[in-house]
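Listed below, chain by chain, are the residues.
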Amino acid sequence: MSENDNFDVVIVGGGAAGLSSAMALGRSRRRVLVIDAGEPRNAPAEHAHNYLGREGVPPLELLADGRAEVAAYGVEVAAERVTAMTRTDHGFTVATATGREVGARRVVIATGAVDELPDVPGLAARWGRDVLHCPYCHGWEVRDRAIAILATSPVAGHQGLLFRQLTDDVVIVVADGVELPPDDVERMAAIGVRIEHGTPQEVVTEGERLLGLRLADGSLLERDAIVVGTRPQIHLEFLESLGLQPEPVEFGGTPMGTVIAVDPMGATGVPGLYAAGNATDISMTLIGSAAHGNRVGAFVNADLAAEDADRAVAERRAEMFEQPAWEDRYSGERVWSGRVNPQLEIEAAPLTPGRALDVGCGEGADAIWLAGRGWSVTAMDFASAALEKTAAHAAESGVGDRVTTLQADVRSWEPGDEQWDLVSSQFMHLPDGGMVDLTRRLGSAVAPGGTLLVVGHHPDDMATGLRHGHHSFLFTPESLVPALADGDWEIELCEARSRTATHPHTGEEITVRDSVLRARRLG
């Protein structure tokens, strides 16, 4: 599969919902493919209604305009049929009847529904013309006309209520085996809706003109329009491999059709798979489907934006915490000032020299300072370039014999049986609370009576702009104390300490705060 066959979003279905999703995504600069089988639910209708701003527009004209509009934003529309869909490590592979396969990070199902009509001869041939189902879509066009409502379920009284608002002449024809609730029968009588019983024999026409319904007794009920309650069904054969099944919809305990279950954002139970429009709600009108498609498209874009940001975070963390980035950083000119870190100088000055472990030694400034005061120092870093600089700088400073180097990754390093009188971690930061575990392991490297000193940037520094985007790496000294909760420690110092520093971009003097934790291991 080439790069050209990979999309941010594949939308299955090019009706009002699918194209509206595509519009939201295309305008957000997403790469979008709409795959449409060319079977819009409203194709038999001559005009669409209740679509604000496009009242009376022919449905196919509306879709043609929609395709042209989304194409202006780079959306591709393919006249194909989806036959299969499978999960991949990066989303989905979508296959079509022509053998085309495309990749998608997200998929939106906007196939609409397929109307199942009552089995009355001649009924299907008039569907979308004078055989209707929705008072809001086509009711106005049959106002003041003679209307028959074919009751194939107990909820037909609901249609009686709505169509009676449009005309005085409404007859409900109740099919065999269907019983209207007594309350609805009373309602119909009260509002002047007549009821006939028995499944009609056929729809009667004369040329292109509807005459009416041949009733069960053979008589002709002359009508200008017939209202039916369809049972819209969702066909998801191409989604079977994903385990997604249509769910039944009921009204007053009566089955009304099937839908794809979604949450308020349009997400299905399959991660990365969304649905919009009539596929999710059989009661949606055309404009409702378009609005839902737009809404779901926006949520899909937000989902992708979050994923893109998370990927960027992972890449940024790789640069900050993986060895190759630091090898590259220490392979050039001097990175740090060469001066001892200020909190180490304050806290270690009173200590009696012994063996010290300098964690994340960098170019060796702290190790050299300690060695110059008589300490025997193990300088630890995971970048060999840093250790080479440390050794060279120690030799240049005349303390090379008191500084040894150790290459190790602090994220997994364990000291074993080796212990030091001072373990110092100066501005070592790990994401997602990793400093607590590191503090525990560093503590196990402290000899009885020895000192653990952990210093880092305090979260308050976010206000200076220096630590932008590093919030998960910063820590308070208090957050590290649970790592030393085994009773073998005396916490001697736990505070946020202020100092002045020069802003690297503006050159101004600013106040920063260091988290300082100093603890003594009990003998």
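Check the entry above for the structure.
On to the overall build of the protein chain. Within the protein chain, the secondary structure is distributed over eleven helices and 24 strands. The globule rule puts the C-alpha radius of gyration for 523 residues at 24 Å, and the 37 Å found for the protein chain is more than 25% above it. Residues counted as buried form 48% of the 523 residues belonging to the protein chain. The long-range fraction of contacts in the protein chain, counting pairs at least 24 apart against all pairs at least 6 apart in sequence, stands at 64%. For the protein chain, the exposed surface amounts to about 24700 Å²; the carbon and sulfur share of it is 49%. Placing the 44 positive and 77 negative side-chain charges of the protein chain at their respective mean positions leaves the two points 4 Å apart.

On to the nonpolar core. Core analysis: the biggest nonpolar cluster contains 26 residues, and Val10, Met85, Val107, Ile109, Leu239 and Leu273 have the highest contact counts within it. Taken together, the elements giving at least two residues each to this core come down to strand 1 (6–12), strand 2 (32–35), strand 4 (82–88), strand 5 (91–96), strand 6 (101–109) and strand 17 (273–275). With four residues, strand 6 is the single largest residue contributor to this core. Contact partners of Val107, with chain neighbours within four places excluded, come to Val10, Val12, Met85, Phe92, Val94, Gly272, Leu273 and Tyr274. Residues Val359, Trp413, Leu438 and Leu484 belong to the second largest nonpolar core, which totals 25 residues.

Considering the arrangement of structural elements, one finds Asp8 in strand 1. Reaching out from Asp8, the side chain makes a polar contact with the side chain of Arg105 at a distance of 3.2 Å. Ignoring sequence-local partners within four residues, the contact set of Asp8 consists of Arg30, Arg31, Ala104, Arg105, Arg106 and Leu304.

Below, the discussion takes up the sheet that holds strand 7 (residues 131–132). If you walk across this open sheet you meet the five strands as 7-14-8-9-10, and the pairing is parallel. What marks the edges here is a single partner per strand, and that holds for strand 7 and strand 10 (194–197).

Mapped onto the secondary structure, Asp366 falls in helix 9 (residues 365–372). No salt bridge is formed by the buried Asp366; the nearest opposite charge belongs to Arg339, separated by 9.9 Å. Of note is the side chain of Asp366, whose polar atom sits 2.9 Å from the backbone nitrogen of Asn341. Residues contacting Asp366, with those up to four places away along its chain left out, are Arg339, Val340, Asn341, Leu344, Asp358 and Gln426.

Going through the model one piece at a time under the given rule, you end up with 35 salt bridges. Of the charged contacts in the structure, one is a salt bridge between Glu492 and Arg518, with a shortest N-O distance of 3.0 Å. With Glu492 in strand 23 (residues 489–502) and Arg518 in strand 24 (residues 509–521), this pair connects stretches of sequence that are 26 residues apart. Each of the salt bridges in this network shares a partner with another, and the network as a whole consists of Asp8, Arg30, Arg105, Arg106, Asp303, Glu307, Asp308 and Arg311.

As a further point, take the pairing of strand 9 (residues 170–174). The buried fraction of strand 9 is high, at five of five residues. The two faces of strand 9 match: Val170, Ile172 and Val174 on one face and Val171 and Val173 on the other face are all buried. Note that strand 8 (residues 147–151) and strand 9 share five bridges and pair parallel. Its bridge partner lying in strand 9, Ile149 is registered against Ile172.

With 36 residues, helix 6 (residues 286–321) extends 52 Å from end C-alpha to end C-alpha; this agrees with the ideal 52 Å at 1.5 Å per step. Regarding helix 6, the residues found buried are Leu286, Ser289, Ala290, His292, Gly293, Val296, Gly297, Val300, Asn301, Leu304 and Phe321.

This brings us to the sheet that holds strand 18 (residues 355–359). Reading across the sheet, the seven strands line up as 20-19-18-21-22-24-23 and stay open at both edges, with mixed pairing between neighbours. Because the sheet does not close on itself, it has two edges, and the strands there are strand 20 (403–407) and strand 23. If you compare each strand with its neighbour and ignore which way they point, the axes differ by 20° on average. Sheet topology places strand 21 (residues 420–426) next to strand 22 (residues 446–457); six bridges connect them, and they run parallel. Directly across from Ser425, in strand 22, lies its bridge partner Val454. Together, strand 19 (376–381) and strand 20 form the strand contacts of helix 10 (residues 384–396), whose direction differs from that of strand 20 by roughly 180°. Packing of helix 11 (residues 434–443) onto the sheet brings it into contact with strand 18, strand 21, strand 22, strand 23 and strand 24, and relative to strand 22 it is tilted by some 155°.

Summarising burial for strand 21: six of the seven residues are buried, a large majority. The handedness of the strand 21 to strand 22 crossover, carried by helix 11, is right-handed.

This part takes up the packing of aromatic side chains. Per the counting criterion, the structure on display carries two aromatic pairs. For the pair Trp413 and Trp420, a centre-to-centre distance of 6.4 Å together with 50° between the ring planes defines the contact as tilted. Here Trp420 falls in the buried class, since its relative accessible area comes to 1%.

Conventions and cut-offs
- Within every chain, residues take consecutive numbers counted from 1 along the sequence as written.
- Residues qualify for local features only when their pLDDT is at least 70, as the model is predicted, and side-chain atom pairs are given and counted only at 80 or more; totals for whole chains, interfaces and linings, by contrast, use all residues.
- Water and hydrogen atoms were dropped before computing side-chain values, which therefore reflect all heavy atoms in the structure.
- Secondary structure is summarised from DSSP: a helix means a run of H or I of at least four residues, a strand means a run of E of at least two, and numbering begins at the N terminus for each.
- Here the globule rule reads 2.2 Å times residues to the power 0.38, and the radius of gyration is calculated from C-alpha atoms.
- Each residue is placed in one exposure class: buried if its accessible area under a 1.4 Å probe, protein chains only, is under 20% of its type's maximum, exposed if it is over 50%, and partly exposed if it falls in between.
- By definition in these notes, contact holds between two residues if any of their heavy atoms fall within 4.5 Å.
- Areas reported as accessible are Shrake-Rupley estimates using a 1.4 Å probe. Residue values count occlusion only from the protein chains shown.
- In this tally Asp and Glu are treated as negative and Lys and Arg as positive; neither His nor the chain ends contributes.
- We put the charge of a Lys on NZ, of an Arg on CZ, of an Asp on CG and of a Glu on CD.
- Each nonpolar core is a collection of buried residues, namely Ala, Val, Leu, Ile, Met, Phe, Trp, Tyr and Cys, held together in the definition by side-chain atoms within 4.5 Å.
- Polar contacts here mean pairs of N or O atoms no more than 3.5 Å apart (in protein, one a potential hydrogen donor and the other a potential acceptor; neighbouring residues in sequence count only if both atoms are side-chain atoms).
- Pairing between two strands is assigned when DSSP locates at least 2 bridges connecting them.
- In what follows, salt bridge is the name for a side-chain nitrogen of Lys or Arg lying within 4 Å of a carboxyl oxygen of Asp or Glu.
- Expected span of a helix: the number of residues minus one, times 1.5 Å.
- To define axes, lines are fitted to C-alpha atoms, for helices over the stretch in contact only, and angles between the resulting N-to-C directions are given on a 0 to 180 degree scale.
- A clockwise path from the first strand over the helix to the second, with the strands pointing away from the viewer, defines a right-handed crossover.
- The aromatic pairing rule takes the rings of Phe, Tyr and Trp, using the six-membered ring of Trp, and pairs them if the centres are within 6.5 Å, calling planes under 30 degrees apart stacked, those over 60 edge-to-face and the rest tilted.

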